[in-house]
Each structure stands twice: as C-alpha cells, then as structure tokens.
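A look at the structure
What follows is each chain in one-letter form.
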Amino acid sequence: DQALITAPVSVTGIVMGKFLAAFGVYFIANTLALLPAITMGFFSSAFPWGILFGNYIGTLLYGAAMISIGVFISGLTISQVIAAIGTFVIAIFLMFVDQIASALSGNFIGTILTWISFTSRYDTFTQGIFSVSSCVYFISVAAVFVFLTARRVESRRWN
C-alpha cells in the first residue's frame, strides 16, 4: 500500500486501474457466458436478440456500478475480508430495496428507496428495452464511487 501511494502515479490512475481491472475480469466472464446463447440463436428462427443483448448491457452496467461500490468499500478498509463482506451486504440491500420501498409506499423514505433501486432500473433491460436514463444512472453511480474512492486514497496519501 505504501509503495503504491508513494509511486509517481496519480491517485485517479491508481483507482481507475483497480476499477478497470475488476471490470475487465467481469466483462470477460459475462462475454464468455454469452457465447452459448449466441450459438443457440443461430439455430433458432425466432431468437429474442433484443432481450439477450438488453440483459447483457444491463448486466454490464449493473456490474460496473457494483464493482465501483466494492472498490470504494475496499478503499475504506484495510482488510479484504471486511471489504468483501461489506460489498456483499450492500449488494443484497440493493437487490431487496424494491421490496422495502413497496412496504413503505407513500412514505418519503419509500420514494427515496425506489429512486436508488438498482433492480427497477435493470428490469427495463431484461425486457429488451434500452433505457438511456438507466444507463446514465448506472454510469453515474460508477463514476461517483470511483471519484469517492480516489478522494479516500488521496486522503490516505497525505496522512
């Protein structure tokens, strides 16, 4: 950690490198998982290509947002185990935030929980609909958490 912080590399470069490395692994795994579906699509006359690629794009965007949250939590802690558990807890919370919001419907907190829901924004992609607002949301979440991580690492550099 000390060698990385004292290296002549910008903090943004360090954080973006970590994010892009994790996202690259995620991207390769998702792309390889897509190959059997594409193969089946060539042998089917009525294959739902829109739904397939909608799910693929939605999964990549959802994953980018979750990876950036994980990188941020990793920047907050020293232990990798605590970072992994914290990221897992946040991911589970974001998966079930729709159910919590529906229980609090009509309430101010329910409205906020509906707004931050990842699942409702991902659902449009699963129907084969490309939603620009959902893309902007996921990319914004990823950018904000990468920025926050860079600020956190920078604060560690000066302490």
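Below you will find a few notes about this structure. Model, not experiment: these values are computed from the prediction.

Counting 17 residues, the largest nonpolar core has Val11, Val15, Phe19, Phe23, Leu34, Leu52 and Ile67 as the members making the most contacts within it. Contributions of two or more residues to this core are made by helix 2 (11–42), helix 3 (49–76) and helix 7 (132–158). Apart from the residues lying within four places of it in its own chain, the contact partners of Ile67 are Phe19, Ala22, Phe23 and Tyr26. Within the second largest apolar cluster, 16 residues are counted, among which are Ile69, Ala91, Phe118 and Tyr137.

We now examine the packing of helix 2 against helix 7. Interaxial distance between helix 2 and helix 7 falls to 9 Å at its minimum, and their mutual angle equals 130°. Here helix 2 is positioned oblique relative to helix 7, judged by the angle of their axes. In the crossing of helix 2 with helix 7, the sense of the turn from one axis to the other is right-handed. The residues of helix 7 that touch helix 2, namely those facing Val11, Thr12, Ile14, Val15, Met16 and Phe19, are Val146, Thr149, Ala150, Val153, Glu154 and Arg157. Partitioned by chemical class, the residues of the contact of helix 2 with helix 7 number eight nonpolar, two polar and two charged.

Let's shift gears to the packing of helix 4 (residues 80–103) against helix 6 (residues 118–126). The contact between helix 4 and helix 6 brings their axes to 7 Å, and the two run at 90°. Taken together, helix 4 and helix 6 sit at an angle that is classed as roughly perpendicular. Contacts between helix 4 and helix 6 involve Leu94, Met95 and Asp98 from the first element and Phe118, Thr119 and Ser120 from the second. The residue makeup of the contact of helix 4 with helix 6, split by class, is three nonpolar, two polar and one charged.

By the definition in use, this model includes 15 aromatic pairs. Between the aromatic rings of Phe47 and Trp49, the centroid separation amounts to 4.9 Å while the plane-to-plane angle is 65°, which identifies the pairing as edge-to-face. Owing to a relative accessible area of 19%, Phe47 belongs among the buried residues under this scheme. Given the relative accessible area of 31%, Trp49 is considered partly exposed.

Bringing the environment of Gly110 into the picture now. Its place among the elements puts Gly110 in helix 5 (residues 108–115). Once the C-alpha coordinates of Gly110 and Cys135 are considered, the two residues, 25 residues apart in sequence, prove to be 23 Å apart. In this view, Gly110 contacts Ala101 and Leu104; residues no more than four positions away in its chain are not counted.

The next point concerns helix 7. Taking 1.5 Å of rise per residue, the 27 residues of helix 7 would be expected to cover 39 Å, and the 39 Å separating its terminal C-alpha atoms lies within 8% of that figure. Here helix 7 has its buried residues at Ser134, Cys135, Tyr137, Phe138, Val141, Ala142, Val146, Thr149, Ala150 and Val153.

Reading the values: rules and limits
Residues numbered from 1 in each chain as written. Predicted model: local features only at pLDDT ≥ 70, side-chain atom pairs only at ≥ 80, totals over all residues. Heavy atoms only, no water. Core = buried A, V, L, I, M, F, W, Y, C linked by side-chain atoms within 4.5 Å. Buried < 20%, exposed > 50% of the residue type's maximum accessible area, 1.4 Å probe, protein only. Helix = DSSP H or I, 4+ residues; strand = E, 2+ residues; numbered from the N terminus. Contact = heavy atoms within 4.5 Å. Axes fitted to C-alpha atoms, helices over the stretch in contact; angles between N-to-C directions. Parallel < 35°, antiparallel > 145°, perpendicular 65-115°, else oblique. Left-handed = near helix turned anticlockwise from the far one by under 90°. Nonpolar A, V, L, I, M, F, W, Y, C, P; charged D, E, K, R; others polar. Phe/Tyr/Trp six-rings, centres within 6.5 Å; stacked < 30°, edge-to-face > 60°. Expected span 1.5 Å × (residues − 1).

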